[in-house]
Amino acid sequence: MAYQARERIVVVSDVHIGKRNPDGSPAGWFYGKYEKRLETILARVAENPRVRELVFLGDLFDTWLYSVEERPETVREIVDAWMDAPFMPRLLECVARLDAVWYIPGNHDMHVRQADLSRLTAGGKSIALTTIDRYSAHASELIGCDVRLEHGNDADFFNAPDRDSDTVQGLPFGYFVTRLIAKAPEFDYDAAFRSSYRMAMLAEARALATGHRDAGDKAGAESGMEISLGHRFIELFIDALVDFANAKREKPTHIGDDTPVRMPAGYALTTIGEVKSRYSSLLGEWLESHKTYMFAAAGKSGLDRYARKKFGEINWFLWLKRLMTPAKNEMLVVMGHTHYGKIERVRNRERLGVYANSGCVCENGKQAGARWVEIRKTARGCRVSLKRL
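Below, the structure is looked at part by part. (Residues numbered from 1 in each chain as written. Predicted model: local features only at pLDDT ≥ 70, side-chain atom pairs only at ≥ 80, totals over all residues. Heavy atoms only, no water.)

Describing unusual backbone geometry
Of note in this structure, Y279 is not a glycine but carries a positive phi near 65°. If you check the backbone angles, H337 has positive phi at about 75° while not being a glycine.

So, the sheet that holds strand β6 (residues 128-129)
Strand order across the open sheet formed by six strands is β6-β3-β2-β1-β13-β14, with mixed pairing between neighbours. Strands at the two margins of the open sheet, each flanked by one partner only, are β6 and β14 (381-388). Inspection of the sheet shows strand β1 (residues 8-12) paired to strand β13 (residues 371-378) by four bridges, in the antiparallel sense. Each residue of the ladder has a partner; that of I9, found in β13, is I375. Together, β1, β2 (51-57), β13 and β14 form the strand contacts of helix α1 (residues 34-47), whose direction differs from that of β2 by roughly 150°. (Pairing = 2+ DSSP bridges. Helix = DSSP H or I, 4+ residues; strand = E, 2+ residues; numbered from the N terminus. Contact = heavy atoms within 4.5 Å. Axes fitted to C-alpha atoms, helices over the stretch in contact; angles between N-to-C directions.)

Side note on the nonpolar core
Ranked by internal contacts, the top residues of the largest apolar core, which has 37 residues, are V12, I17, L54, F56, F61 and I127. The greatest single-element share of this core, amounting to six residues, is contributed by α1. In this structure, I17 is in contact with Y34, L38, L60, F61, D62, I78, W82 and F87, ignoring residues within four places of it in sequence. With 33 residues, the next largest nonpolar core counts F157, F233, M263 and V275 among its residues. (Core = buried A, V, L, I, M, F, W, Y, C linked by side-chain atoms within 4.5 Å. Buried < 20%, exposed > 50% of the residue type's maximum accessible area, 1.4 Å probe, protein only.)

Topic: the sheet that holds strand β7 (residues 146-149)
Here four strands make up an open sheet; going across it, the order is β7-β10-β12-β11 and the pairing mixed. The open sheet has two edge strands, β7 and β11 (342-346), and neither has a second partner. Recorded for the sheet is a direction-independent mean angle of 15° between the axes of neighbouring strands. Running at roughly 145° to β7, helix α4 (residues 132-143) makes contact with β7 and β10 (331-335) of the sheet.

Thoughts on the state of the cysteines
On inspection of all chains with the given rule, the structure shows one disulfide. Note that C145 is cross-linked by a disulfide to C382, the S-S spacing being 2.2 Å. Across the S-S bond linking C145 and C382, the dihedral sits near 110°, which makes this disulfide right-handed. With a gap of 237 residues between them, C145 in the loop between α4 and β7 and C382 in strand β14 connect regions that are remote in the sequence. The two residues C145 and C382 agree in class, both being buried. As a non-bridged cysteine, C360 has C362 as the owner of its nearest cysteine sulfur, 3.5 Å distant. (Disulfide = S-S within 2.5 Å.)

A word on the pattern of salt bridges
When the charged atoms of two side chains with opposite charge come close together, those side chains can pair. Considering all chains together, one arrives at 26 salt bridges under this definition. Of the charged contacts in the structure, one is a salt bridge between R249 and E69, with a shortest N-O distance of 2.5 Å. A residue pair is termed long-range when its members are at least 10 positions apart, and R249 in the loop between α7 (224-247) and β8 (260-261) and E69 in the loop between β2 and α2 (75-81) qualify at 180 residues. In this structure E69 comes out as partly exposed when scored by relative accessible area, which is 36%. Between R119 and D80 there is a salt bridge; the shortest N-O distance is 2.9 Å. Here R119, found in the loop between β3 (100-104) and β4 (121-122), pairs with D80, found in helix α2; they are 39 residues apart in sequence, far enough to count as distant. On the accessibility criterion, R119 (36% relative accessible area) is partly exposed. Connected via shared salt-bridge partners are E7, R8, R50 and E374. (Salt bridge = Lys/Arg side-chain N within 4 Å of Asp/Glu carboxyl O.)

As structure tokens, then:
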């Protein structure tokens, strides 16, 4: 049998393995099909002699989808609960057969630690936790062009790592959004965002008109009207979340400002009211960032603008030149997070290349079936393809 070069990297994201019910079935929004899909994908990866490495690009596990009354499980507890699942032998087969299996965290698994993955060991190797920059540099060497892999939540208003001091224990706002509606997945984020933003703007306009706010009183980007607007927005948005969640609950279990939010290990108990009092600067920072088209980057095209910027500034002269003269890809950008698999050729930027989104393995309403991405090195340059079940 002729030797086949192991030149491919497989990228899988957004499986959302989380809480397991007593009967062995998954709990949460993304239930019903991911176990079988993941087993099939991992079997194909393990049996393909051309695959060199496997990368989990965020949200393999889910430590967010727990109601406020529940204590969120750790990744280690989730791993322990699923060790007898049919996909686990295939996962361990990948760990043993491939050169490496890597893990880049997303937002729903932001708490993962290397120690949590210690049970996922086979052939003297285990899944290796890594960072965006470290793995992107490694992949670039393997593939022969510049490669950028990241989950994509950094572009998301709700789910980007929050580096401000005005947070609840350093957690992103989206963590509490998810906790509040863990039992109500039909919530329309975009409509609630727009409504809350509009109502906050109207409230600020009334304050200016009635003299309750000095239009000239601006002590920097983190004070004055911007902070007041951000605070009103957070209050209105959480009120909308609470109202929607209560509509799905029995009256004795309704939640409100005084409701405790049980936190994961290492965090102190908080309340819905405390969450409402924080994140006042978040809206202004996001509006200034211009990272995404949409208020939530989880839309089908939510990461397009953010991904295209990775290829540099727009250059129409280069676009025209590339139409006349075929050229090899200079860069590949792969993200997840949106749950919508796609491939887009980027020709009108400083660097020629492809943006690919790995979609998801979990169940969702945006796209039927599972998606994942393969990156490979060829004689004609670096290539990327979108696979599906």
